[in-house]
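Overview (structure and organization)
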Amino acid sequence: MLMILRCLAICLLIFFVSCDNKEEKVHVQKALTINEIQLIGTHNSYKKAIPGLLLNKIKGENPEMAESLDYSHPNLWKQLEAGLRLFELDVYHDPEGGKFSNPLGKEMVDSLQWDNGFDKPGFKVFHVQDIDFLSHHALFREYLKDLKAWSSFHPHHLPIFISINAKDENYPDLGFTEAIPFDQEAFKLLDKEIVDYLGTEKLITPRSIQGDFKDLKTAVLESGWPELDEARGKFIFILDEGEEKIGKYLAKGEGLIFVNVPEEHPMSAIHIINDPINHHDQISEYVKKGYIVRTRADAGTKEARLNDTKRSEMAFSSGAQLISTDYYQADARWEGEYKVQFDEAAYARVNPVVSKNKTSLQSLSEEMAQAINIDPQAFLLAEKELDVVILDVRTQEEVAQGLIPGAVNIDVLQDDFAEKIATLDKNQKVLVYCKVGGRSKKAADLLVGKGFSQVFNLEGGYDLWKKNGYPVKQ
């Protein structure tokens, strides 16, 4: 009898252990990878509106072209703050500077809209020479600075995808400024500029995905893409060009940018398929195989003018991970308020085509419940671009020697510090500084503990800020 009871006890133990293990397996979910989300972003993300006089002149010559060019976007900071993580930049080679400084339509542009960066050497960013040349920055590197600065404020952000068009089209019959062709040397300089202003540590590159596999395509199909959490805070560049320019980019040697090539190519990984209506099934097939696809929800302002959502709906249902639009916000001029957003006005979601067996509850949140250290350059850019409170936590004696313009002084060493910071808006970004960064770090941690959601500490404090030549008020 004792032996029977022992056997029964062992059987029950095995049964319950087995049940526990099964229950544990049921609740284990694989982490999302970067190809298992969908992002909405902007086409020609840099674009300012064409001034009315110039647009009317274009309209007189070519009404259809004028209509297709009649859109614009806020600057990159505002788009990033809105939640966009997909952008497009058109880049022109201008190694000596000044190549595009005097477009035909310049006399119709308000001088305040003109960026003198066109006079400086370096890659330029705009749409079409001489007629659609206004952008938020003339220089490519200024966009890279913005991206890096914004990223430092949001180190937990979803990966940001940036497609690049290497523009060198010419229009001799129209008398437009002649663009410089992209060759291997130009592409080497483009890679170098990305590294110089972002840093390799901020990049997901073809080599980082390929690893030890024989080629990039094999790595993508057999090993897949990084987990989402591994890719946070990083950038992925895509060269959106045809065979000739892609060939020149690849011929220069190993690069930082993914290239749009046919599926059979060994560098196949990210594909640009812009028509989700006629190529819906192809996009879905590529996505299910493991590739990343960028498509467009609209083009030439047509969908917005007609409030036609068919193309955007097809883009969503195709599973394309990257969906580009000119209307992440509605243009009030068009009836129907056409805009491209996911449910609840979101610009990111779990991809329903390839993530059906994954938890849809996995957070895409980018918030961090801690104060973040920021260097002076990022601090300066944020002050210009964002609605922020600048909090000086030094003593009155120190403040008398100078402070950052616009700063509010609340001495962290005083007993009433907690009482005074309670008067600030907890949902607003707070930039905190002291003399060298020690007291401000403690003050920033106190703010976080009091429920402030976006707190940033100036590394090096006021002393480093002043040393770098940034503005101070005496």
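For the structure itself, look to the data block above.
So, here is what we can say about the structure in this document. (Residues numbered from 1 in each chain as written. Predicted model: local features only at pLDDT ≥ 70, side-chain atom pairs only at ≥ 80, totals over all residues. Heavy atoms only, no water.)

With respect to the environment of valine 259
Applied cut-off: In this text, helices come from DSSP runs of H or I with a minimum length of four residues, and strands from runs of E with a minimum of two, each type numbered from the N-terminal end. Buried, partly exposed and exposed residues are distinguished by accessible area as a fraction of the type maximum, computed with a 1.4 Å probe on protein chains only: under 20%, between the cut-offs, and over 50%, respectively. Any pair of residues with heavy atoms lying within 4.5 Å of one another is described as a contacting pair.
With respect to the element layout, valine 259 can be found in strand S6 (residues 258-259). By relative accessible area, which is 1% here, valine 259 ends up buried. Residues valine 259 and proline 206 lie 53 residues apart in sequence; the distance between their C-alpha atoms is 9.0 Å. Beyond its immediate sequence surroundings of up to four residues, valine 259 is in contact with Leu239, Ile246, Tyr249, Leu250, Met267 and Ile270.

A few points about helix H2 (residues 52-61)
What counts, and what does not: Along the arc lie the directions from the helix axis toward the C-beta atoms.
Along H2, the positions that sit buried rather than exposed are Leu54, Leu55 and Ile58. The arc enclosing the buried residues of H2, seen along the axis, measures out at 100°, which places them on a common side. Exposed residues pointing more than 90 degrees away from the buried face of H2 are listed as Leu53, Asn56 and Gly60. Where the residues of H2 are buried, they touch helix H3 (63-68).

Things to note about the nonpolar core
Cut-off, in case you're wondering: As used here, the term nonpolar core means buried Ala, Val, Leu, Ile, Met, Phe, Trp, Tyr and Cys residues forming a set that is joined through side-chain atoms within 4.5 Å.
Membership of the largest hydrophobic core comes to 105 residues, with the highest contact counts inside it found for Phe140, Phe161, Ile164, Ile194, Trp225, Phe237 and Leu239. For this core, the element with the most residues is helix H5 (residues 140-153), which contributes seven residues. Not counting residues within four places of it along the chain, the set of residues in contact with isoleucine 194 comprises Phe140, Leu144, Gly199, Leu203, Phe237, Leu256 and Ile257. Grouped together as the second largest cluster of nonpolar side chains are 19 residues, Leu55, Tyr92, Phe100 and Trp114 included.

Remarks on the packing of aromatic side chains
Rules: Each aromatic pair joins two rings of Phe, Tyr and Trp (for Trp, the six-membered one) with centres within 6.5 Å, and gets the label stacked for planes under 30 degrees apart, edge-to-face for over 60, and tilted for any other angle. Geometrically, a lysine NZ or arginine CZ counts as sitting over a ring once it is within 6 Å of the ring centre and also within 35 degrees of the ring normal.
Within the structure shown, the criterion is met by 20 aromatic pairs. Measuring from ring centre to ring centre gives 5.7 Å for tyrosine 328 and tyrosine 347, while their planes differ by 75°; the resulting arrangement is edge-to-face. Within this pair, whereas tyrosine 328 is found in the loop between strand S9 (322-325) and strand S10 (348-350), its partner tyrosine 347 is found in the loop between S9 and S10, the two being separated by 19 residues in sequence. Every member of this aromatic cluster is reached through a ring pair, and the members are Tyr92, Phe100, Trp114, Phe118, Phe126 and Phe133. Between the NZ or CZ atom of lysine 47 and the centre of the ring of tyrosine 71, over which it lies, the distance is 4.6 Å. For lysine 252, the ring lying beneath its charged end belongs to tyrosine 249, and the centroid distance is 4.3 Å.

Concerning the sheet that holds S10
Backbone-to-backbone hydrogen bonds join strands into a sheet, with any given pair of strands oriented parallel or antiparallel. Spelled out, the test is: By this definition, two strands are paired if DSSP reports at least two bridges between them. Between the N-to-C directions of two axes lies an angle of 0 to 180 degrees, each axis being a line fitted to C-alpha atoms and, for a helix, fitted only over the stretch in contact.
Read across the sheet, five strands follow the order S7-S8-S9-S1-S10 without closing on themselves; strand pairing throughout is mixed. Bordering the open sheet on either side are strand S7 (270-272) and S10, each of which pairs with just one other strand. The average undirected angle you get between the axes of adjacent strands in this sheet is 20°. Where strand S1 (residues 37-42) and S9 come together, four bridges link them in parallel fashion. The residue of S9 that forms the bridge with glycine 41 is serine 324.

As for the packing of helix H6 (residues 184-198) against helix H10 (residues 243-251)
For clarity, the cut-off: Relative orientations are named as follows: roughly parallel for angles under 35 degrees, roughly antiparallel for angles over 145 degrees, roughly perpendicular for angles from 65 to 115 degrees, and oblique for any other angle. By definition, any crossing whose near helix is turned counterclockwise from its far helix by less than a right angle is left-handed, and any crossing with a clockwise turn is right-handed.
Where H6 meets H10, the closest approach of the two axes is 8 Å, and the angle between their N-to-C directions is 70°. Comparing their axes, H10 and H6 come out roughly perpendicular. Here the hand of the crossing between H6 and H10 comes out right-handed. For the pair H6 and H10, contact is made by Gln184, Phe187 and Asp191 and by Lys245, Lys248, Tyr249 and Ala251, respectively.

So, empty space enclosed by the protein
Rolled over the atoms, a probe sized like a water molecule indicates the empty space that remains. Our working definition: Residues are said to line a cavity or pocket when one of their atoms sits within 4 Å of a point; the points come from a 1 Å grid over protein atoms alone, cavities being sets where a 1.4 Å probe fits but cannot get out and pockets being open sets with protein on both sides within 12 Å along at least five of seven lines. Grid points are joined across faces, edges and corners, and a volume is the space filled by probe spheres set on the points. Gly falls in the polar group here, along with every residue not listed as nonpolar (Ala, Val, Leu, Ile, Met, Phe, Trp, Tyr, Cys, Pro) or charged (Asp, Glu, Lys, Arg).
Considering all chains together, one arrives at two cavities of 30 Å³ or more under this definition. One number sums up the size of the largest cavity: a volume of about 40 Å³. Surrounding the largest cavity, Phe100, Asn102, Pro103, Phe126, Gln129, Asp130, Phe133 and Thr177 form its lining. Along the lines of polarity and charge, the residues of the lining of the largest cavity split into four nonpolar, three polar and one charged. Taken as a whole, the second largest cavity holds about 30 Å³ of empty space.

Some words on the layout of surface pockets
When its volume is computed, the largest pocket comes out at roughly 550 Å³. The wall of the largest pocket is formed by 24 residues, among which Arg85, His154, Ser365, Glu366 and Glu367 lie closest to the centre. Counting residues per element, the ones that place at least two in the lining of the largest pocket are helix H4 (76-82), H5 and strand S15 (455-458). Ranked by residue count, the leading element in the lining of the largest pocket is H4, at three residues. Counted by class, the lining of the largest pocket contains 13 nonpolar, six polar and five charged residues. Together, 14 residues line the second largest pocket, and Lys57, Ile58, Glu61, Ile131 and Phe176 are the ones closest to its centre.

By themselves, these are just geometric observations and shouldn't be taken as functional.
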